[in-house]
Amino acid sequence: MYELAANCVMSQLMLRNATKAPELFDKSMKVYLNLAERACAEPVEAKSPSTTTS
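The model shown is predicted, which means the values in this text are computed figures rather than measured ones. (Residues numbered from 1 in each chain as written. Predicted model: local features only at pLDDT ≥ 70, side-chain atom pairs only at ≥ 80, totals over all residues. Heavy atoms only, no water.)

Draft legend 1. Quick look at the pattern of salt bridges. This model, assessed by the stated rule, comprises one salt bridge. The salt bridge partner of Asp26 is Lys30, with a shortest N-O separation of 3.2 Å. With Asp26 and Lys30 both in helix 2 (residues 22-47), this residue pair falls four residues apart, about one helical turn. Judged by relative accessible area, Asp26 falls into the partly exposed class, the value being 27%. With a relative accessible area of 45%, Lys30 lands in the partly exposed category. (Salt bridge = Lys/Arg side-chain N within 4 Å of Asp/Glu carboxyl O. Helix = DSSP H or I, 4+ residues; strand = E, 2+ residues; numbered from the N terminus. Buried < 20%, exposed > 50% of the residue type's maximum accessible area, 1.4 Å probe, protein only.)

Spelled out as structure tokens, the structure:
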């Protein structure tokens, strides 16, 4: 849970920096946001039932 909150805060801070100086922070913000989205999706994917059949 702490990791999710940390990802949200860090994404917000990166977005602020990217808004003020896009030439410096735009790419970093996009990379971090993609990593944060994957980290948030992993627990959801682990809990969802498998769609493969034996």
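Draft legend 2. Local environment of helix 1 (residues 2-20). The end-to-end C-alpha separation of helix 1 is 27 Å, in line with the 27 Å expected for 19 residues at 1.5 Å each. What helix 1 keeps buried is the set Asn7, Ser11, Met14 and Ala18. Across the axial projection of helix 1, the buried residues extend over an arc of 70°, all falling on one side. The exposed residues of helix 1 that point more than 90 degrees off its buried face are Tyr2, Val9, Thr19 and Lys20. (Expected span 1.5 Å × (residues − 1). Arc of directions from axis to C-beta.)

By themselves, these observations are geometric and do not establish any function.
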